[in-house]
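# Examination of the molecular architecture
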Amino acid sequence: MAAANRRAPTPPQLEFGGPLGPTALLLLLLPATLFHLLLTCRSGPCSLLSLPAPLPAPHAFWSPRALLLLLGWLGLQAALYLLPLGPVAEGTRLPDHTRLRYPVNGFRALGATAALVGAGLAAGLPLDALVDLLLPLASAAALTAAALSVFLYLKARRAPPCALAPGGNTGHPLYDFFLGRELNPRVGAFDLKYFCELRPGLMGWALLNLALLLREAELRGGRPSLAMGLVNAFQLLYVADALWHEEAVLTAVDVTHDGFGFMLAFGDLAWVPFTYSLQAQFLLGHPQPLGLPAACAICLLDAIGYYIFRGANSQKNIFRRDPTDPRVAGLQTIPTATGRRLLVSGWWGLVRHPNYLGDLIMALAWSLPCGVTHLLPYFYVLYFTALLVHREARDERQCLRKYGLAWRDYCRRVPYRILPYVY
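Residues numbered from 1 in each chain as written. Predicted model: local features only at pLDDT ≥ 70, side-chain atom pairs only at ≥ 80, totals over all residues. Heavy atoms only, no water.

Rules: UniProt positions are given in the numbering used here, feature names are shortened, and annotations may be inferred rather than shown by experiment.
Going by an unreviewed UniProt entry, the chain carries the name Delta(14)-sterol reductase TM7SF2 and comes from Ornithorhynchus anatinus. The chain has a UniProt comment under Pathway (unreviewed entry) that states "Steroid biosynthesis; cholesterol biosynthesis." Annotation of the chain in UniProt includes, under Sequence similarities (unreviewed entry), the sentence "Belongs to the ERG4/ERG24 family."

### Points about the pattern of salt bridges
Threshold: Here, a salt bridge means any Lys or Arg side-chain nitrogen found within 4 Å of an Asp or Glu carboxyl oxygen. Helix and strand labels come from DSSP, where a helix needs a run of H or I of at least four residues and a strand needs a run of E of at least two; each type is numbered from the N terminus. Classification of residues uses two cut-offs on accessible area relative to the type maximum, computed with a 1.4 Å probe and protein chains only: under 20% is buried, over 50% is exposed, and between them is partly exposed.
Tallying each qualifying case throughout the model produces 12 salt bridges. With a closest N to O distance of 3.6 Å, aspartate 254 and arginine 391 form a salt bridge. Taken together, the residues aspartate 254 in helix 10 (residues 253–256) and arginine 391 in helix 15 (residues 379–403) connect sequence positions 137 residues apart. In this structure arginine 391 comes out as partly exposed when scored by relative accessible area, which is 22%. Note that glutamate 392 and arginine 417 form a salt bridge whose closest N and O atoms lie 2.5 Å from each other. On the criterion of sequence distance, the pair formed by glutamate 392 in helix 15 and arginine 417 in the segment after helix 16 (405–413) is long-range, its members being 25 residues apart. The exposure class assigned to glutamate 392 is buried, which follows from its relative accessible area of 0%. It is possible to trace a salt-bridge network through shared partners that takes in Asp128, Asp132 and Arg215.

### Observations regarding unusual backbone geometry
Its identity is not glycine, yet cysteine 46 carries a phi of approximately 50 degrees, on the positive side. Tracing the backbone shows cysteine 46 in the loop between helix 2 (21–42) and helix 3 (64–82). Here cysteine 46 falls in the buried class, since its relative accessible area comes to 2%.

### Quick notes on the side chain of threonine 336
Formally: Contacts are assigned to residue pairs that have any heavy atoms within 4.5 Å of one another.
Note that threonine 336 resides in the loop between strand 5 (333–335) and strand 6 (341–343). Taking the relative accessible area as the measure of exposure, threonine 336 reaches 10% and is therefore buried. Once residues lying within four places of it in the same chain are set aside, the contact partners of threonine 336 are Leu342, Tyr403 and Ala406.

### Let's talk about the environment of phenylalanine 190
Here phenylalanine 190 is to be found in strand 4 (residues 190–191). Spatially, the C-alpha atoms of phenylalanine 190 and arginine 101 are 10.0 Å apart, while their sequence positions differ by 89 residues. Non-local contacts of phenylalanine 190, meaning those with residues more than four positions away in its chain, are made with Ala78, Tyr81, Leu82, Pro185 and Phe195.

This is the structure in structure tokens:
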């Protein structure tokens, strides 16, 4: 009788609508979308809603040279990750009450990479040749992500239960392969998820942008367009900011909650560098005139987005580290049953996810230099809107489970999620 009255454990809530169909679709849809975007950008019509024609021959998607370049890039970034430069930070407390340690040297790695690239360019390195290898490089990145995902799935079979992710161990193999079974997979002290989260993909994005700028400058007689210059500058600032504040990623949901599987591996290694550089790819084949007044307005918009994004994230990170810090001590808070407090003023009293608002404003600013005649440069805005709305809904569910009535009170006092007075 006592056993009958005992409540069964709550099964993990499945993402993306279910275990098999949606996950299988995403495993195919993500790579297909990536290559559709790359091919569309190369085509004359550049129509996002139609297949580019003619399609290249199959051999155009593969090159041993591209694979070697990609592996060399990953090796370089791994070596920089392992260098004993910069501080070491502790992650959040794990279920076994331990904390993992992480090297916080991403910005130094960016500086070292920039120095190496600069030296290479001075020595005559044809960096713009990467433009001719975009398709095989993307293929190599997708295959590398798939191989890494298989390794991670098999490795998780030997991981202790306390090392597994809450949502990636449902018993549905394809679903768990996609979401990731192990929370913090490591080879020795090398944290695979933390490394992939900000290093090779983000810096690879900036490198591809630079290669596209150099190719455009060559075609224009040595000088890139204003539009290409703005796209490179805006996105390089974003990459540098992420690496400067690298320690903040240790409290992000990707690190604290999500397992490391195909979704994050493919996103970090293939999706980020090759789809986030779409604006620069578009401008290379479809030059857009941009006057100085319009450029100034776009710069102002990007500055506003960055100000909101950085202000909100910094305020949150300072409060998490030390609620008594003078920069946040005067903000209103709500106590929770966990002993933590929720910010209900400042940026986090404006909307519940002000950092997402800043992100979306910057995304729009990155696309506007590409003009308004094509939809493709705005794919990032559309995709990122869908991503952040989905992530925001997931954040809301997790916060409700964690903070209960305090979260409901916060939602009542801050009714708008991302865009004030709209959503």
